[in-house]
Amino acid sequence: MFDILVKGGTLPDGRVADIAIKGDRIAEVAPDITAEAGETIDASGDLVSPPFVDPHFHMDATLSYGLPRLNASGTLLEGISLWGELRDLATVDEMVERGLRYCDWAVSMGLLAIRTHVDTTPDHLNTVTAMLELRDKVKDYLDLQLVAFPQDGLYRSATGRDNVLRALDMGVDVVGGIPHFERTMTDGAASLTDLCEIAAARGLPVDIHCDETDDPLSRHIETLAFETQRLGLQGRVAGSHLTSMHSMDNYYVSKLLPLIAEAEIAAIPNPLINIVLQGRHDTYPKRRGLTRVKEMQALGITVGWGQDCVLDPWYSLGTADMLDVAFMGMHVAQMTHPDEMARCFTMVTETNAQIIGLRDYGLLKGALASLVVLDATTPVDALRLRPARLAVVSKGRVVARSPRGDAGLSLPGRPDSVRRRR
Ligand code: FE2
């Protein structure tokens, strides 16, 4: 007797299989499982996927759009400055409440694991207190991973470095940084050496906001690759954004990419945000500001898509749907071959799970029983439709359901409803 049986779904690799769940684990994945179950979900004709994963987010700022006022210029720098005011005004309770609301959205979209950068700049560390509380409150249904993120720079304030260490002591999981925002290139490089040494000493992963600028000479990713290898951190380091690579000299990039591959650094571009924030100083033609995704993947570098922001000082939209993120990434990176489109779906599921080191992930026997049933037939169709999440199961419990996206029609001689699947 199983607790839940998901019948007849199509898995992302095209197999049709039933998935049996007992407790918080997948007990079996096979065609035609006939045993009894407490609850049966009919997924015949629908896509069944492991849950979506977001490897880059800012939960402490989410759903604060318009507070304390709108970002009038739409730039990264005005966003940082607005957030600099808001983080001292927002209470711990407000940030927890906004985070809980966002996690409700995330669960409803089948997004069940999020790595979030937590600003460690203010000495009160209310952001850290709030996100630790939130991580605990949602842990039964959503995995929240916290990065100590010195938003204003490790060295630009007297307590910047101490506050990162305090946050890590409080239980934050990952070491973050922002080298291109330090006062000088030299300080930026030094911050990376420092942060990687802190991570090595504490046995922690590293995830750096790296070169989030249109400046082609912002080359901190090179230092990050060097320090990763020097300290033996291969496979534990991620470079988020890497937008300057869009504008770099091609010869330099041909030398840089093999260094990133050697260091086993994962890349996390954030296409919704990169396309909105980068190129703001350009006239025409305007740069896209997305890093070189296909070129990195061709060299075996792991690349995932991150969301970064929803309704906050930097981004005025967002729905907690990782398919929106992949959809934008696919367009901006021109990943239009069927294999590339399918890869965009994998990037927001399996690849992102691998980047943030999720354990027991995937649709296989013994893994955590977390999955999403989509109103679509294939991963590429899911990307095209960004469809309803018919059912979301997290750690063995059905946590969300949505109706199908069929529309009723009133047209002479035409069917009375339409489903926009291929
Ligand atoms: Fe970010």
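Residues numbered from 1 in each chain as written. Predicted model: local features only at pLDDT ≥ 70, side-chain atom pairs only at ≥ 80, totals over all residues. Heavy atoms only, no water.

## A word on the domain arrangement of the protein chain
By the assigned domains, the protein chain splits into domain 1 (2–50 + 362–408) and domain 2 (52–355). One C-alpha centre belongs to domain 1, the other to domain 2; they are set 30 Å apart. Facing 21 residues of domain 1, the contacting portion of domain 2 comprises 22 residues. Carbon and sulfur atoms supply 69% of the area buried between domain 1 and domain 2, which totals about 1700 Å² over both sides. Between Arg389 and Asp321 there is a salt bridge, with its nearest N and O atoms 2.8 Å apart. Elements supplying a minimum of two residues to the side of domain 1 that touches domain 2: strand S5 (47–49), strand S13 (371–374), helix H12 (379–385), strand S14 (389–394) and strand S15 (397–401). Top contributing element to the side of domain 1 that touches domain 2 by residue count: H12, with five residues. Among the residues forming the side of domain 1 that touches domain 2, the class breakdown is 14 nonpolar, three polar and four charged. (Domains from an automatic or database assignment. Contact = heavy atoms within 4.5 Å. Buried area = accessible area lost by both parts, 1.4 Å probe. Salt bridge = Lys/Arg side-chain N within 4 Å of Asp/Glu carboxyl O. Helix = DSSP H or I, 4+ residues; strand = E, 2+ residues; numbered from the N terminus. Nonpolar A, V, L, I, M, F, W, Y, C, P; charged D, E, K, R; others polar.)

## Side note on unusual backbone geometry
Here the bond from Leu67 into Pro68 is cis, since omega is -15 degrees, no more than 30 degrees from zero. Residue position: Pro68 is located in the loop between strand S6 (52–57) and helix H1 (76–89). The peptide bond linking Tyr284 to Pro285 adopts the cis configuration, its omega dihedral lying at -5 degrees. Note that Pro285 resides in the loop between helix H8 (271–277) and helix H9 (293–298). At His241, a position not held by glycine, the phi torsion is positive, near 75 degrees. Secondary-structure assignment places His241 in strand S11 (residues 237–241). Overall, His241 belongs to the buried group, its relative accessible area being 0%. At Asp308, a residue that is not glycine, the phi angle is positive and equals roughly 75 degrees. Along the chain, Asp308 turns up in the loop between H9 and helix H10 (322–332). (Buried < 20%, exposed > 50% of the residue type's maximum accessible area, 1.4 Å probe, protein only.)

## So, the sheet that holds S11
On the basis of which strands lie adjacent, the open sheet formed by seven strands has the order S6-S7-S8-S9-S10-S11-S12 and parallel pairing. If you trace the sheet from one side to the other, it starts and ends with S6 and strand S12 (266–268), each paired once. In this sheet, neighbouring strand axes are inclined to one another by 25 degrees on average, regardless of whether the strands run parallel or antiparallel. Lying over the sheet, helix H2 (residues 92–108) contacts S6 and strand S7 (111–119), oriented at roughly 150 degrees with respect to S7. (Pairing = 2+ DSSP bridges. Axes fitted to C-alpha atoms, helices over the stretch in contact; angles between N-to-C directions.)

## A word on the pattern of salt bridges
Scanning all chains against the criterion turns up 27 salt bridges. Here Glu85 makes a salt bridge to Arg69, at a shortest N to O gap of 2.6 Å. Of this pair, Glu85 sits in helix H1 while Arg69 sits in the loop between S6 and H1, and the two are 16 residues apart along the sequence. Among the residues examined, Glu85 registers a relative accessible area of 33% and is labelled partly exposed. Judged by relative accessible area, which is 42%, Arg69 ranks as partly exposed. With its nearest N and O atoms 2.7 Å apart, the salt bridge here joins Arg161 to Asp194.

## A short note on the environment of Ile33
Considering the arrangement of structural elements, one finds Ile33 in the loop between strand S3 (25–30) and strand S4 (37–42). For the pair Ile33 and Val325, spaced 292 residues apart in sequence, the C-alpha to C-alpha distance is 35 Å. Among residues more than four places away in sequence, those in contact with Ile33 are Phe2, Leu5, Lys7, Asp18, Ala20 and Glu28.

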